[in-house]
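Okay, here's what each chain looks like letter by letter:
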Amino acid sequence: MLKIPENYPQGLTYLADCIYRELLLSIPAVSASALAMEITEAVRKEFAGTQLYIAKGDSFDRDQRNAAIANEFNGRNHRELARRYKLTFAQVYEILKINQKK
């Protein structure tokens, strides 16, 4: 369980919780809780008093998806890839065409 100090700012609580959930995927809960708070405090101290913009990362996500499609393509699985990534066949063909040029 994540141990949040009393009266901790709400935005930092959300950040600590997000970090904690990700850490739980690889380390025990006790360690994840302490580490999540350490990371959150480091972020707070680094960016205290500033407006922090966190990009949505759509372009990064799209590039990662396209690379995965190119890696998973076996010459016959256009339909499966389109369904898995919720794309049309034309979109899958275009992604593969672009990735062949790289």
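Residues numbered from 1 in each chain as written. Predicted model: local features only at pLDDT ≥ 70, side-chain atom pairs only at ≥ 80, totals over all residues. Heavy atoms only, no water.

1. Remarks on the packing of helix H1 (residues 10–23) against helix H2 (residues 29–47)
Each pair of packed helices can be described by the angle between their axes along with the distance between the axes.
Thought 1: Running from N to C, H1 and H2 point in directions that differ by 140 degrees, and their axes come no closer than 8 Å. What the angle tells us is that H1 and H2 run oblique. Classified by chirality, the crossing of H2 by H1 is right-handed. Between H1 and H2, the residues in contact are Leu-12, Leu-15, Ala-16, Ile-19, Tyr-20 and Leu-23 and Ala-29, Ala-32, Ser-33, Leu-35, Ala-36, Met-37, Ile-39, Thr-40, Val-43 and Arg-44, respectively.
Thought 2: Grouping the amino acids of the contact of H1 with H2 by side-chain chemistry returns 13 nonpolar, two polar and one charged. (Axes fitted to C-alpha atoms, helices over the stretch in contact; angles between N-to-C directions. Helix = DSSP H or I, 4+ residues; strand = E, 2+ residues; numbered from the N terminus. Parallel < 35°, antiparallel > 145°, perpendicular 65-115°, else oblique. Left-handed = near helix turned anticlockwise from the far one by under 90°. Contact = heavy atoms within 4.5 Å. Nonpolar A, V, L, I, M, F, W, Y, C, P; charged D, E, K, R; others polar.)

2. Thoughts on the pattern of salt bridges
Thought 1: Applying the stated criterion across every chain, the model contains five salt bridges.
Thought 2: As a salt-bridge pair, Asp-58 and Lys-56 come within 4.0 Å of each other at their nearest N and O atoms.
Thought 3: The exposure class assigned to Lys-56 is exposed, which follows from its relative accessible area of 69%.
Thought 4: Among the charged side chains, a salt-bridge network with shared partners connects Glu-72, Glu-80 and Arg-84. (Salt bridge = Lys/Arg side-chain N within 4 Å of Asp/Glu carboxyl O. Buried < 20%, exposed > 50% of the residue type's maximum accessible area, 1.4 Å probe, protein only.)

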